[in-house]
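# Reading the structure
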Amino acid sequence: MDFLKEGERLDYLLAEDMRIIQSPAVFSFSLDAVLLARFVYVPIQKGNLIDLCSGNGVIPLFLSTRTKGVITGVEIQERLHDMAVRSIEYNKLQDRIKMIHGDIKEIHQVLGYGKFDVVTCNPPYFPTPSREEINENEHLAIARHEILCTLEDAIKASSGLARQGGKVAFVHRPGRFLDIVTLMRKYKLEPKRVQFVYPKAGKEANILLIEAVKNGNPDLKILPPLFVYNEENEYTPEMREILYGE
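Here we summarise the structure given alongside this text. (Residues numbered from 1 in each chain as written. Predicted model: local features only at pLDDT ≥ 70, side-chain atom pairs only at ≥ 80, totals over all residues. Heavy atoms only, no water.)

## Quick word on the packing of aromatic side chains
All told, the structure shown has 5 aromatic pairs when counted by the stated rule. Between Phe177 and Phe196, the aromatic rings sit 5.5 Å apart at their centres with planes inclined by 85 degrees, giving edge-to-face as the arrangement. Linking Phe177 in helix α7 (residues 177-186) with Phe196 in strand β8 (residues 189-198), this pair joins segments that are 19 residues apart in sequence. Across the pair, Phe196 and Phe177 agree in class, each one buried. An aromatic cluster of three or more residues is present, and its members are Tyr229, Tyr235 and Tyr244. One residue, Arg19, lies across the ring of Tyr12, its end atom 4.0 Å from the ring centre. The aromatic ring of Tyr41 is capped on one face by Lys167, whose charged end is 4.4 Å from the ring centroid. (Phe/Tyr/Trp six-rings, centres within 6.5 Å; stacked < 30°, edge-to-face > 60°. Helix = DSSP H or I, 4+ residues; strand = E, 2+ residues; numbered from the N terminus. Buried < 20%, exposed > 50% of the residue type's maximum accessible area, 1.4 Å probe, protein only. Lys NZ or Arg CZ within 6 Å of the ring centre and 35° of its normal.)

In structure tokens:
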């Protein structure tokens, strides 16, 4: 089959021996997705995992290198879903990763409740702005703003999909930390691990990683900070390990 369509390119998936279809005009994955895929707990030998708001399938592809479990991705935008499907086929992972084109607010009608060991989500970060402020590119606007999916929608859906004791992990902005904790507890997800990511020492954190357990007991661990760049504006050793496996 023809793996690329107009305006698309085939990129290397950083440290992994895989390729991914991207399009600057539609969607390209960011550091946030890489960090979430490395942060979340995953069962190594088996398990049922699901990624919500999957975009072009980057997190399912990353997760496939850490687990032998079955992975499902859910994406509402047809164009991005199509890109994800073709990337999965290109990497010959159809037997381990499947994509669903659908709305996470209605995903339980398709998948039921409480069937997943791990749920990940990299949701839209920003409240829907005014029509004048919103990105004219519909694909980018939906990916970045809570147009089709709010934070509460994502947490509610994640809780419904997770089994008792299952893990739910999100990447978001630190400014929404209290909102995330409040909503997770509302939907019976107990935050267990939190890590803040900083551009470099002396700067404010700009990425939040959080993992919760369905109906878990309260016991929150704040992990050591992760710095992206050193004083020479080069990746720190920790980041080089995450990005390139060095």
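Having seen it, we continue.
## Quick notes on helix α1 (residues 31-39)
Most of α1 is tucked away, with 7 of its 9 residues classed as buried. Among all positions in α1, only Asp32, Ala33, Val34, Leu35, Leu36, Ala37 and Phe39 are buried.

## Focus on the pairing of strand β9 (residues 207-214)
Burial within β9 is extensive, with 8 of its 8 residues counted as buried. Side chains of β9 alternate between two faces, with Ile207, Leu209, Glu211 and Val213 and Leu208, Ile210, Ala212 and Lys214 buried alike. Where strand β7 (residues 162-172) and β9 come together, 6 bridges link them in antiparallel fashion. Bridging from a neighbouring strand, Val168 pairs with Ala212 of β9. Sheet analysis places β8 next to β9, joined by 8 bridges and oriented antiparallel. By the bridge assignment for β9, Pro191 is matched with Ala212. (Pairing = 2+ DSSP bridges.)

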